[in-house]
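# What the coordinates show
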Amino acid sequence: MAFRCQRDSYAREFTTTVVSCHPAELQTEGSNGKKEVLSGFQVVLEDTLLFPEGGGQPDDRGTINDIPVLRVTRRGEQADHFTQTPLDPGSQVLVQVDWERRFDHMQQHSGQHLITAVADHLFKLKTTSWELGRFRSVIELDSPSVTAEQVAAIEQSVNEKIRDRLPVNVQELSLDDPEVEQVRGRGLPDDHAGPIRVVTIKGIDSNMCCGTHVSNLSDLQVIKMLGTEKGKKNKTNLIFLAGNRVLKWMGRSHGTEKALTALLKCGAEDHVEAVKKLQNSTKLLQKNNLSLLRDLAVHIAHSLRNSPDWGGVVVLHRKEGDSEFMNIIANEIGSEETLLFLTVGDEKGAGLFLLAGPPAAVETLGPRVAEVLEGKGAGKKGRFQGKATKMSRRPEAQALLQDYISTQSTKE
């Protein structure tokens, strides 16, 4: 059977009866990205206004008697609604759909049908799959490449058809109806039951589909192609936005443009050139800074080497620097008799460290220093370096090195 949401995609609420309600669990992704398991109930209704996920389209959200529905899935001829509050079987309930989400899905799905038909008609580009994403939608085309000119032509054609206000009709056909053979589709799911649902854009396309759709292309408002990207083997992904998503995208783009205009002190038409100039200036500054840092490293190495405190354990920390800076110092000093402990970064935060000196000592002490600094690293031939998360524990690492030197001196 076709659900109420499929018979009338524009309906926003209706009353139906609860058939069953059983305890269930739902696996979701929490705010921290980790999987969470929610306890609740699987509710089956006589009919539903909430679309169960399928055909590349996500499920609807909504409420049953103001109780939020967190997931809707199809099981044969019925839809399962996951709630965290039980509902009494046999009771009459009011089902309401999240209209903003529903209409967005209608726009993207009908937009996909239109783009697929036009791409096939203009360039014989076949659609092999599609994805209705949260922020953008993607059509997978059976071609290793699609040119920018082809994308532009498809965009122009689909928007012309939107302006032509072509109707979109939905009909149900029996499996043995001869019209089924003339309908485009990628096959039916294994658990399909009942008639075949066919979505037709007048004069453009007829396609087997279970999703929710607009009744006229004018409801799509506009379609914007965002370009292509490499897909799976010998496939190309065509990225698009339809309807309200285009308006939201334009709003975000305009906001970014205004912010860049204020920061770069120039009009939008000059943004690219202004950024290029900044990049070139930054590269030059980085080059000069690196040269100065290298000179400073050489100077520091000579100062350490000539210091009256030279010997045993030599320690140096700088807020500014990198691995190359520390290695230049170690190379310039070139001593295998002294333990050289160098660190760069935030004194109370994270940073980098390097331990250089006698190979046997460094091999023993390097992992222990990394452990003290709550970091990790690796080394060979008298040098161990890595990342640290607790630079505040440098005194403990230094004490560890001093104890080692003292112990070695005692043995000698």
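What counts, and where the lines are drawn
Residues numbered from 1 in each chain as written. Predicted model: local features only at pLDDT ≥ 70, side-chain atom pairs only at ≥ 80, totals over all residues. Heavy atoms only, no water. UniProt positions renumbered as here; feature names shortened; annotations may be inferred. Helix = DSSP H or I, 4+ residues; strand = E, 2+ residues; numbered from the N terminus. Core = buried A, V, L, I, M, F, W, Y, C linked by side-chain atoms within 4.5 Å. Buried < 20%, exposed > 50% of the residue type's maximum accessible area, 1.4 Å probe, protein only. Domains from an automatic or database assignment. Contact = heavy atoms within 4.5 Å. Pairing = 2+ DSSP bridges. Axes fitted to C-alpha atoms, helices over the stretch in contact; angles between N-to-C directions. Disulfide = S-S within 2.5 Å.

Here we take up the UniProt feature "domain: Threonyl/alanyl tRNA synthetase SAD" (unreviewed entry) in the chain. According to UniProt, the feature "domain: Threonyl/alanyl tRNA synthetase SAD" (unreviewed entry) maps to residues 196-239 in the numbering used here. The span residues 196-239 shows a helical share of 0% and a strand share of 50%, and its end C-alpha atoms are spaced 29 Å apart.

Ranked by size, the top nonpolar core spans 50 residues in total, and within it Val95, Leu114, Ile115, Ile154, Leu217, Ile223 and Met225 carry the most contacts. With 7 residues, helix α2 (residues 99-123) is the single largest residue contributor to this core. Here this core gathers at least three residues from each of two domains, domain 1 (4-97) and domain 2 (103-252). If we ignore the near neighbours within four places in the chain, the residues touching Met225 are Ile115, Val151, Ile154, Glu155, Leu238, Ile239 and Phe240. In terms of nonpolar packing, the next biggest core, distinct from the first, is built from 19 residues, Phe341, Leu373, Ala388 and Ala397 among them.

Taken together, the 4 strands give an open sheet; going across it, the order is β8-β9-β14-β13, and neighbouring strands pair in antiparallel fashion. Across the chains shown, the open sheet's two edge strands, defined by having one partner strand only, are β8 (127-132) and β13 (223-230). The sheet shows a mean angle of 20° between the axes of neighbouring strands, direction not considered. Sheet topology note: the β8/strand β9 (residues 137-141) ladder contains 5 bridges and is antiparallel. Bridge pairing in β9 links Glu131 to Val138. Helix α4 (residues 244-264) contacts β8, β9, β13 and β14 (236-242) of the sheet and is inclined by roughly 90° relative to β14.

Moving on: the state of the cysteines. One pass over the full model with this rule turns up 0 disulfides. Cysteine Cys5 is unpaired, with the sulfur of Cys210 as its nearest cysteine sulfur at 9.2 Å. When its relative accessible area of 0% is taken as the criterion, Cys5 is described as buried. Unpaired in terms of disulfides, Cys210 finds its nearest cysteine sulfur in Cys209, a separation of 5.4 Å.

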